Amino acid sequence: MVSPAPEAPPEPLDLTKLAGARLRAAGMQPFLAMALYAMSPVPDQKRETFAVDERWRLYVNPGKLREWTVPQVAGVLLHEVGHLVRDHAGRARAALVRTEPAARRWNVAADAEINDDLVDA
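Now for a description of the structure that goes with this document. (Residues numbered from 1 in each chain as written. Predicted model: local features only at pLDDT ≥ 70, side-chain atom pairs only at ≥ 80, totals over all residues. Heavy atoms only, no water.)

**Thoughts on unusual backbone geometry**
Link 1 in the chain: Residues other than glycine seldom take positive phi values, yet Asp87 does so here, at roughly 50°.
Link 2 in the chain: Positionally, Asp87 belongs in the loop between helix H4 (70-85) and helix H5 (88-94). (Helix = DSSP H or I, 4+ residues; strand = E, 2+ residues; numbered from the N terminus.)

Structure representation (structure tokens):
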């Protein structure tokens, strides 16, 4: 019996780049500085980009972090922290968003709410 090939080791996060992006994001919107630094980064190669959860974990795709510039990562961090400070997960729970299709629609609406503010800023 042939054993499966071992998985490649996960790509580490570029913590220096992430720190630079947090600093830039905090400079752009200083009122969000504490929130930006409260997120705990978690490498996650399975996600397409970045995401957050209610426990303030910031899931970071290491490849995207490597690919994007510091200003681009700063914008993504501001977007993700927007989900947290607006309590989108708690509000979804209160609105009884329970199915996967409803959750996708909720996330699209939440993204639109955040992104229009980021464009204005």
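**Some remarks on the sheet that holds strand E3 (residues 57-60)**
Sheet strands pair by backbone hydrogen bonding; their relative direction is either parallel or antiparallel.
Link 1 in the chain: Spatially, the three strands line up as an open sheet ordered E1-E3-E2, and their pairing is mixed. Looking at strand neighbours, the two that pair on one side only are strand E1 (40-43) and strand E2 (50-52), the edges of this open sheet. Averaged over neighbouring strand pairs, the angle between their axes works out to 25° when direction is ignored.
Link 2 in the chain: Pairing analysis gives four bridges linking E1 to E3, with the strands arranged parallel. Paired with Pro41 across the strands is Leu58, a residue of E3.
Link 3 in the chain: Seen against the sheet, H4 touches E2 and E3 and runs at an angle of roughly 25° to E2. (Pairing = 2+ DSSP bridges. Axes fitted to C-alpha atoms, helices over the stretch in contact; angles between N-to-C directions. Contact = heavy atoms within 4.5 Å.)

**Concerning helix H1 (residues 15-28)**
Link 1 in the chain: Here H1 contains 14 residues, and its C-alpha end-to-end distance of 20 Å stays within 8% of the 20 Å for a straight helix at 1.5 Å per residue.
Link 2 in the chain: Where H1 is concerned, the buried positions are Lys17, Leu18, Ala21, Arg22, Ala25 and Ala26.
Link 3 in the chain: Between a side-chain oxygen at the N-terminus of H1 and the backbone nitrogen of Thr16 the separation is 3.2 Å; the capping residue is Asp14. (Expected span 1.5 Å × (residues − 1). Buried < 20%, exposed > 50% of the residue type's maximum accessible area, 1.4 Å probe, protein only. Polar contact = N/O pair within 3.5 Å; in protein donor to acceptor, adjacent residues only side chain to side chain.)

**Structural notes on the packing of aromatic side chains**
Link 1 in the chain: Tallied over the entire structure, the rule returns one aromatic pair.
Link 2 in the chain: Ring centres 5.4 Å apart and planes at 50° place the aromatic pair Phe50 and Trp68 in the tilted group. Placement of the pair is Phe50 in strand E2 and Trp68 in the loop between helix H3 (62-67) and H4, with a sequence separation of 18 residues. Both residues of the pair, Phe50 and Trp68, belong to the buried class.
Link 3 in the chain: Looking at Arg47, its charged tip hangs above the ring of Tyr59, at a distance of 4.2 Å from the centre. (Phe/Tyr/Trp six-rings, centres within 6.5 Å; stacked < 30°, edge-to-face > 60°. Lys NZ or Arg CZ within 6 Å of the ring centre and 35° of its normal.)

**Thoughts on the nonpolar core**
Link 1 in the chain: Formed by 21 residues in total, the largest nonpolar core has its most connected members in Leu36, Met39, Phe50, Leu65, Val73 and Leu77.
Link 2 in the chain: Looking at this core, the elements that each hand over two or more residues are H1, helix H2 (33-38), E3 and H4.
Link 3 in the chain: It is H4 that provides the largest number of residues to this core, a total of seven residues.
Link 4 in the chain: Val73 has contacts with Leu18, Ala21, Phe50, Leu65 and Trp68, leaving out every residue within four places of it along the chain. (Core = buried A, V, L, I, M, F, W, Y, C linked by side-chain atoms within 4.5 Å.)

**A few points about the pattern of salt bridges**
Link 1 in the chain: Under the definition given, this model contains eight salt bridges.
Link 2 in the chain: Close ionic contact of Arg66 with Glu11 constitutes a salt bridge, the shortest N to O distance being 2.8 Å. Of this pair, Arg66 sits in helix H3 while Glu11 sits in the segment before H1, and the two are 55 residues apart along the sequence.
Link 3 in the chain: Look at Glu11 and you get partly exposed, because its relative accessible area is 25%. (Salt bridge = Lys/Arg side-chain N within 4 Å of Asp/Glu carboxyl O.)

**Brief notes about the pairing of E3**
Link 1 in the chain: Bridging between E2 and E3 involves three bridges; their strand directions are antiparallel. The partner of Val52 across the bridge, within E3, is Leu58.
Link 2 in the chain: Where E2 hands over to E3, the hairpin turn is made up of four residues, of which Trp56 adopts a positive phi near 65°.

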